[in-house]
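Listed below are the residues making up each chain.
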Amino acid sequence: MSGYDWTLMYVMHGALRRELEHLAKVTAREDDDPRRLLAAAAGWELFKLSLHAHHTAEDEALWPVLRESLTGRDDLALLDAMEAEHAAVDPLVEAIDTGAEPVGELVDALATALTAHLAHEEKEALPLIDATLTAEQFQAFGQVHGRHVGPNAPRVLPWLLDGVDDATAAAALSVLPEPARAAFETQWRPAYRALERWPAS
């Protein structure tokens with residue numbers, strides 16, 4: 001089995017990378033308390049919501065399924081690495097909100113860890129998934145991912161598709177029922193565009 005459509009995976013990864021840049025700019029400011037700024041930043045909240053949904057879906061419906069299929073193979077080391085990389089990211093996100101460490105240092109550590117993880121996943125894990133998962137398992141992962149976004153979809157989807165080309169947006173939205181696609185155009189995206197995601201510099 002090979003060649004699954006990873007459009008949404010790459011769109012999610014691109015959105016996370018995009019927001020890491022905004023996060024770095026906010027926390028580099030010296031004219032205000034960065035934790036106070038982040039506590040009020042819709043962009044930070046959307047980043048956390050989306051990252052949590054994405055990683056939780058992978059932890060529930062991707063890595064365990066692969067592990068079962070790969071029992072006894074050397075590829076299990078890659079799954080161990082994927083799970084360890086997830087486990088390293090979550091405490092950094094929490095510490096940015098509540099920790100005693102300087103926020104700038106934590107954001108640098110988060111950007112380093114998450115960027116490396118996304119690249120590792122794209123280079124090694126996605127080809128392994130292509131070669132291993134059945135179509136039913138791949139579809140089930142997509143459904144679990146959708147459930148974890150769940151009621152936040154009206155906020156997360158416009159965030160996710162911010163800046164992508166029309167063809168990619170159309171492909172991503174094609175999985176939605178028509179009423180949801182209409183709501184995206186008439187309600188969700190306009191509300192997102194009116195949102196100030198990050199504090200003005």
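Residues numbered from 1 in each chain as written. Predicted model: local features only at pLDDT ≥ 70, side-chain atom pairs only at ≥ 80, totals over all residues. Heavy atoms only, no water.

### A word on the nonpolar core
The tendency in soluble globular proteins is for nonpolar side chains to be buried as a group.
In step 1: Membership of the largest hydrophobic core comes to 43 residues, with the highest contact counts inside it found for W44, L110, L114 and W159.
In step 2: Contributions of two or more residues to this core are made by α1 (7-27), α2 (34-39), α3 (42-61), α5 (76-98), α6 (103-132), α8 (153-160), α9 (166-173) and α10 (178-193).
In step 3: Sorting elements by how many residues they give to this core places α1 first, with seven residues.
In step 4: Beyond its immediate chain neighbours, meaning those up to four positions away, L114 contacts L16, L20, F47, L51, H55 and V89. (Core = buried A, V, L, I, M, F, W, Y, C linked by side-chain atoms within 4.5 Å. Buried < 20%, exposed > 50% of the residue type's maximum accessible area, 1.4 Å probe, protein only. Helix = DSSP H or I, 4+ residues; strand = E, 2+ residues; numbered from the N terminus. Contact = heavy atoms within 4.5 Å.)

### Some remarks on the packing of α1 against α6
In step 1: Taken N-terminus to C-terminus, the directions of α1 and α6 make an angle of 165 degrees; their axes are 10 Å apart at the nearest point. By the criterion of interaxial angle, the relationship of α1 to α6 is roughly antiparallel. As α1 runs across α6, the sense of the crossing is left-handed. Along the contact surface, α1 presents M9, Y10, H13, L16, R17, L20, L23, A24 and T27, while α6 presents V103, V107, L110, A111, L114, T115, L118, A119, E121, E122 and L126.
In step 2: A per-class count over the contact of α1 with α6 returns 14 nonpolar, three polar and three charged. (Axes fitted to C-alpha atoms, helices over the stretch in contact; angles between N-to-C directions. Parallel < 35°, antiparallel > 145°, perpendicular 65-115°, else oblique. Left-handed = near helix turned anticlockwise from the far one by under 90°. Nonpolar A, V, L, I, M, F, W, Y, C, P; charged D, E, K, R; others polar.)

### What to know about a negative patch on the surface
In step 1: Judged by side-chain charge, D59, E60, D90 and E94 come together as a negatively charged surface patch.
In step 2: Every element with two or more residues in the negative patch is listed here: α3 and α5.
In step 3: A relative accessible area of 48% means that E60 is categorised as partly exposed. (Patch = residues over 30% accessible without salt bridge, like charges linked within 9 Å, V, L, I, M, F, W, Y side chains within 5 Å. Areas by Shrake-Rupley, 256 points an atom, 1.4 Å probe, with all protein chains shown as cover. Salt bridge = Lys/Arg side-chain N within 4 Å of Asp/Glu carboxyl O. Lys, Arg positive; Asp, Glu negative; His and termini not counted. Charge placed at Lys NZ, Arg CZ, Asp CG, Glu CD.)

### Some remarks on the UniProt feature "domain: Hemerythrin-like" (unreviewed entry) in the chain
In step 1: Mapped onto the present numbering, the UniProt feature "domain: Hemerythrin-like" (unreviewed entry) falls on residues 8-129.
In step 2: Spanning residues 8-129, this segment combines 84% helix with 0% strand, and its end C-alpha atoms are found 15 Å apart. (UniProt positions renumbered as here; feature names shortened; annotations may be inferred.)

### Side note on the packing of α1 against α3
In step 1: Across the interface, α1 lies against α3 with an axial gap of 10 Å and an inter-helix angle of 145 degrees. Considering the relative orientation of α1 and α3, their crossing is left-handed. Here α1 contributes M9, M12, H13, L16, E19, L20 and L23 to the contact with α3, which in turn contributes G43, W44, F47, S50, L51, H54 and E58.
In step 2: For the contact of α1 with α3, the residue count by class is eight nonpolar, four polar and two charged.

### A short note on α1
In step 1: The terminal C-alpha atoms of α1 lie 30 Å apart, and with 21 residues this matches the ideal 30 Å at 1.5 Å per residue to within 8%.
In step 2: Inspection of α1 places M9, V11, M12, H13, A15, L16, R18, E19, L20, L23, V26 and T27 among the buried residues, and these make up the whole buried set. (Expected span 1.5 Å × (residues − 1).)

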